[in-house]
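Inside the fold
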Amino acid sequence: MVALHLVEATDRGLNAALTEAGLPAPGAGRYFSATEYGDLVGYVGLEGEGRHLLLRSLVVLPDVRARGAGARILTAVEAVAGDLGAETLHLLTTTAEAFFVRRGFVRGLREAAPDAILRTREFAALCPASAAYMTKAIP
């Protein structure tokens, strides 16, 4: 089982993992380290407030990739999002669309995103127009 722990956006491990994965530096939002049986396995972020949250930068550390850690991190962050009152998770991806589809996300039209999501730095400036916009309802 993956446990999530709040970390500062300035956390060296977080920033190194994002850089190594080619993901944007952390910005607004909450960032979490993900541990499993006490070992660090990755990081993930959530941005926004209310019913719609943006999933930011889910990254699995290289030495534990291809072992299901990404799916377990996603399950853990979905639970946190639900606890925060989210009804829908939103994300942009250029490389992991198939991963998210297998976990219940559906592709949508980027311009159909709620205003609060459209105003995030990731939507406005960081992710290219070619990035897949995806959503998932949180039960």
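One can find the structure itself at the top, above this paragraph.
Criteria and cut-off values
- Residues numbered from 1 in each chain as written.
- Predicted model: local features only at pLDDT ≥ 70, side-chain atom pairs only at ≥ 80, totals over all residues.
- Heavy atoms only, no water.
- Pairing = 2+ DSSP bridges.
- Helix = DSSP H or I, 4+ residues; strand = E, 2+ residues; numbered from the N terminus.
- Axes fitted to C-alpha atoms, helices over the stretch in contact; angles between N-to-C directions.
- Contact = heavy atoms within 4.5 Å.
- Salt bridge = Lys/Arg side-chain N within 4 Å of Asp/Glu carboxyl O.
- Buried < 20%, exposed > 50% of the residue type's maximum accessible area, 1.4 Å probe, protein only.
- Polar contact = N/O pair within 3.5 Å; in protein donor to acceptor, adjacent residues only side chain to side chain.
- Phe/Tyr/Trp six-rings, centres within 6.5 Å; stacked < 30°, edge-to-face > 60°.

1. Concerning the sheet that holds strand 2 (residues 30-36)
Adjacent strands of a sheet pair through backbone hydrogen bonds, lying either parallel or antiparallel. Taken in spatial order, the seven strands line up as 1-2-3-4-5-7-6 in an open sheet, and their pairing is mixed. Bordering the open sheet on either side are strand 1 (2-7) and strand 6 (106-108), each of which pairs with just one other strand. Each strand of the sheet is rotated relative to its neighbour by a mean of 35°, with strand direction disregarded. Strand direction decides the pairing type here: strand 1 and strand 2, joined by six bridges, are antiparallel. Looking across to strand 2, one finds that A3 is bridged to T35. With respect to the sheet, helix 1 (residues 12-21) is in contact with strand 1, strand 2, strand 3 (39-47) and strand 4 (52-60), its orientation differing from that of strand 4 by roughly 80°. Sitting on the sheet, helix 2 (residues 69-83) touches strand 1, strand 2, strand 3, strand 4, strand 5 (88-93) and strand 7 (132-137), and the angle it makes with strand 4 is about 155°.

2. A closer look at the pattern of salt bridges
Pairing between side chains becomes possible if they bear opposite charge and their charged atoms approach one another. Inspection of the entire model under this criterion finds seven salt bridges. Salt-bridge contacts for E97 lead to R107; the nearest nitrogen and oxygen are separated by 3.1 Å. Taken together, the residues span a long stretch of sequence, with E97 in helix 3 (residues 97-102) and R107 in strand 6 at a distance of 10 residues. Classification of E97 as partly exposed rests on a relative accessible area of 28%.

3. Some thoughts on the side chain of H90
Assignment of secondary structure puts H90 in strand 5. Within the local environment of H90, its side chain forms a polar contact with the side chain of Y133, the two groups lying 2.7 Å apart. Setting aside anything within four residues of it in sequence, one finds H90 in contact with H52, L53, L54, L55, P114, I117, Y133, M134 and T135.

4. Describing the packing of aromatic side chains
The final tally for this structure, using the stated rule, is two aromatic pairs. Considering the side-chain rings of F99 and F100, the 4.9 Å spacing of their centres and the 85° angle between planes classify their relative orientation as edge-to-face. The pair formed by F99 and F100 is uniform in burial state, with each residue classed as buried. Ring geometry for F100 and F105: centres 5.3 Å apart, planes at 75°, overall edge-to-face. Owing to a relative accessible area of 7%, F100 belongs among the buried residues under this scheme. Look at F105 and you get buried, because its relative accessible area is 2%.

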